[in-house]
Structure formats: structure tokens, C-alpha cells
Amino acid sequence: MSENCCYSFHDLFFAANGRSWTEEERLSFSALSQDDRNIEVRRLVAATGNRWTSEDRQWHDGVTYTAFWKVGTPSSATHP
């Protein structure tokens, strides 16, 4: 498992908003399509003030996922 899998969507939400998400917010996020989820992840990353970063990755299932992690944390984004 790559290091950027160590963070949950809730971790990113908390970093962006300074609070835990409500159950309604969690359910709303869970109901998003993958494309809309990627858009929301990029919005949340931007809201962290450059403390987090993201990168779109095409998975072996052909779907693009937006990976995210804290800046300064080792990531598979820096391919050896």
C-alpha cells in the first residue's frame, strides 16, 4: 500500500475545514460519482493552503482517481 493511502477522506475534510464532517456531509460525499468525488478532493486539497497535494491516477480498472496526501509525506507520486 502506498503512503498516500494512509489518509482518509475525513482526514482531508478535517484539514480543509478544521472540523469533522457531519453524517450528512459524509453521506453526501459517499453518494458522489467518481468524477465528482475527484473534483471535491481537488477542492478540499486547495482549501488546505498547500498543506496537502493531489494527483490524478488512472487505476488498472481504467477509472481515474484523485490521490491525495500531506505535503512532505513520502508518496508513490514520486516514482523511483
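Residues numbered from 1 in each chain as written. Predicted model: local features only at pLDDT ≥ 70, side-chain atom pairs only at ≥ 80, totals over all residues. Heavy atoms only, no water.

Novice: In this structure, what is going on with the packing of helix 1 (residues 9-17) against helix 3 (residues 34-47)? I would like to understand it.
Specialist: Any two packed helices are characterised by how steeply their axes cross, that is the angle between the axes, and by the distance between the axes. Between helix 1 and helix 3, whose axes approach to 8 Å, the crossing angle comes to 40°. On the basis of the axis angle, helix 1 is oblique to helix 3. Of the two elements, helix 1 crosses helix 3, and the hand of that crossing is left-handed. Judged by residue contacts, Phe9, Leu12, Phe13, Ala16 and Asn17 of helix 1 engage Arg37, Val41, Leu44, Val45 and Ala47 from helix 3. When grouped by side-chain class, the residues that make up the contact of helix 1 with helix 3 number 8 nonpolar, 1 polar and 1 charged. (Axes fitted to C-alpha atoms, helices over the stretch in contact; angles between N-to-C directions. Helix = DSSP H or I, 4+ residues; strand = E, 2+ residues; numbered from the N terminus. Parallel < 35°, antiparallel > 145°, perpendicular 65-115°, else oblique. Left-handed = near helix turned anticlockwise from the far one by under 90°. Contact = heavy atoms within 4.5 Å. Nonpolar A, V, L, I, M, F, W, Y, C, P; charged D, E, K, R; others polar.)

Novice: Is there a simple way to explain the confidence of the model for the chain in this structure?
Specialist: Reading predicted coordinates in detail is not appropriate for stretches of low pLDDT. Per-residue confidence for the chain averages 87 on the pLDDT scale, and 85% of its residues sit at or above 70. Low confidence marks residues 76-80, where pLDDT is under 50. Its contacts with residues over four positions away, or in another chain, come to 7 contacts. (pLDDT = per-residue confidence, 0-100.)

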